[in-house]
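Each chain, written out:
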Amino acid sequence: MATTRDPEATKGRIFDAAVAEFARYGVAGARIDRIAAEAKANKQLIYAYFGNKAELFTRVLEKAMLDLAIAVPVDADDIEGWIDRVMDHHVAHPEVLRLLFWEGLEYGTTELPDEAERRAHYRDKIAAIRDGQERGVVSDAIPARDLLFLLIALANWTAVVPQMSRIVVGADPDDRERLRASVREAARRLVARP
């Protein structure tokens, strides 16, 4: 009995295996052999579908960022709620920040392969903050692009360095909830009009 090939299912398995591999090992440490084994796919298919390892990493991170943008759009009218939703997304999808962190370690200040697309992605977020500033619901004391960067840092840092959170803030559920409330308050103060 012949097996029916399903290229889309194979691509999906490869992609899922690549997300896990890159989140764990970064670009330099990831191995196409392990991705192929986990995906139960031929290694040559990975190259055929996604290109080399760096191109596959770029595609993986691009999709993770797009999924985040769709799931948690910037809401200038509810910055505290947006911060909560970003933090919740990273709890549910810890691989996203791991991928971003690896990207930073791998590329540093070197231009990213998809930098133009990423800039366009963030332009929409900056525009949402700027719109809030123009409507008077967000302070204009900090330029929109800088404000977005600071808000993202507030929302992401606890997930990026959980060991620091545990050491400095504490590890109990009450500690984590207090920190979350503090992050929301800090965000509220950053965007508050004088």
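On a predicted model such as this, the values are computed, not experimentally measured, just so you know. (Residues numbered from 1 in each chain as written. Predicted model: local features only at pLDDT ≥ 70, side-chain atom pairs only at ≥ 80, totals over all residues. Heavy atoms only, no water.)

Moving on to the overall build of the protein. The helix and strand inventory of the protein stands at 10 helices and 0 strands. Going residue by residue from the N terminus, the α and β elements of the protein occur as α-α-α-α-α-α-α-α-α-α. Its C-alpha atoms give the protein principal-axis dimensions of about 70 × 40 × 35 Å. Within the span of the protein, comprising 194 residues, buried residues form 38% of the whole. For the protein, restricting intrachain contacts to residue pairs at least 6 apart in sequence, the fraction spanning at least 24 positions comes to 64%. As displayed, the protein has an accessible area near 11500 Å², and 55% of this comes from carbon and sulfur atoms. Between the averaged position of the 28 positive side-chain charges in the protein and that of its 32 negative side-chain charges there is a distance of 4 Å. (Helix = DSSP H or I, 4+ residues; strand = E, 2+ residues; numbered from the N terminus. Buried < 20%, exposed > 50% of the residue type's maximum accessible area, 1.4 Å probe, protein only. Contact = heavy atoms within 4.5 Å. Areas by Shrake-Rupley, 256 points an atom, 1.4 Å probe, with all protein chains shown as cover. Lys, Arg positive; Asp, Glu negative; His and termini not counted. Charge placed at Lys NZ, Arg CZ, Asp CG, Glu CD.)

In the contact formed by helix H1 (residues 7-29) and helix H2 (residues 32-39), the axes pass within 9 Å of each other and the chain directions differ by 155°. Relative to H2, H1 is oriented roughly antiparallel. The handedness of the crossing between H1 and H2 comes out as right-handed. Each of Arg 13, Ile 14, Ala 17, Ala 18, Glu 21, Phe 22, Tyr 25 and Gly 29 in H1 lies in contact with H2, whose residues at this interface are Arg 34, Ile 35, Glu 38 and Ala 39. (Axes fitted to C-alpha atoms, helices over the stretch in contact; angles between N-to-C directions. Parallel < 35°, antiparallel > 145°, perpendicular 65-115°, else oblique. Left-handed = near helix turned anticlockwise from the far one by under 90°.)

In this section: the packing of aromatic side chains. A full pass over the atoms with the stated rule returns 3 aromatic pairs. Ring centres 6.4 Å apart and planes at 85° place the aromatic pair Tyr 49 and Phe 50 in the edge-to-face group. Tyr 49 gets classed as partly exposed once you look at its relative accessible area, which sits at 25%. Here Phe 50 falls in the buried class, since its relative accessible area comes to 7%. Among the aromatic side chains, those forming a connected cluster through ring pairs are Phe 15, Tyr 49 and Phe 50. Across from the ring centre of Tyr 49, 5.0 Å away, lies the NZ or CZ of Lys 11, which sits over that ring. Against the face of Tyr 25 rests Arg 34, its NZ or CZ located 4.1 Å from the ring centre. (Phe/Tyr/Trp six-rings, centres within 6.5 Å; stacked < 30°, edge-to-face > 60°. Lys NZ or Arg CZ within 6 Å of the ring centre and 35° of its normal.)

A separate point is the nonpolar core. Within soluble globular proteins, side chains that are nonpolar generally end up buried alongside one another. Counting residues in hydrophobic clusters, the biggest one holds 26 residues, and the most contacted among them are Phe 22, Ile 35, Leu 56, Val 60 and Leu 99. Within the residue set of this core, elements represented by two or more residues are H1, H2, helix H3 (43-50), helix H4 (53-71) and helix H6 (94-107). Considering each element in turn, this core owes the most residues, 8 residues, to H1. If near-sequence neighbours (up to four positions away) are discounted, Ile 35 is found in contact with Ile 14, Ala 17, Ala 18, Glu 21, Phe 22, Ile 46 and Leu 56. (Core = buried A, V, L, I, M, F, W, Y, C linked by side-chain atoms within 4.5 Å.)

Attention now moves to the packing of H1 against H3. It is the contact of H1 with H3, at a shortest axis distance of 11 Å, that shows an interaxial angle of 95°. Taken together, the axes of H1 and H3 are roughly perpendicular relative to one another. In this structure, H1 contributes Pro 7, Thr 10, Lys 11, Ile 14 and Phe 15 to the contact, and H3 contributes Leu 45, Ile 46, Tyr 49 and Phe 50. Residues of the contact of H1 with H3, tallied by class, amount to 7 nonpolar, 1 polar and 1 charged. (Nonpolar A, V, L, I, M, F, W, Y, C, P; charged D, E, K, R; others polar.)

Below, the discussion takes up the side chain of Glu 103. Positionally, Glu 103 belongs in helix H6. Among the residues examined, Glu 103 registers a relative accessible area of 8% and is labelled buried. Setting aside anything within four residues of it in sequence, one finds Glu 103 in contact with Phe 57, Leu 61, Gly 108, Leu 112 and Arg 118.

The volume enclosed by the largest pocket comes to roughly 1100 Å³. As for the largest pocket, its lining consists of 30 residues, and the residues nearest its centre are Leu 100, Arg 118, Tyr 122, Phe 149 and Ile 152. At the level of secondary structure, the elements contributing two or more residues to the lining of the largest pocket comprise H4, helix H5 (79-92), H6, helix H7 (115-134) and helix H8 (144-160). The greatest single-element share of the lining of the largest pocket, amounting to 9 residues, is contributed by H8. For the lining of the largest pocket, a count of residues per class yields 17 nonpolar, 5 polar and 8 charged. If you add up the space inside the second largest pocket, you get close to 540 Å³. Contributing elements (two or more residues each) for the lining of the second largest pocket: H5, H6, H8, helix H9 (162-169) and helix H10 (173-191). With 6 residues, H6 is the single largest residue contributor to the lining of the second largest pocket. Partitioning the lining of the second largest pocket into residue classes produces 13 nonpolar, 4 polar and 4 charged. (1 Å grid on protein atoms, 1.4 Å probe; cavity = no way out; pocket = protein on both sides within 12 Å on 5 of 7 lines; lining within 4 Å. Points joined across faces, edges and corners; volume = space filled by probe spheres on them.)

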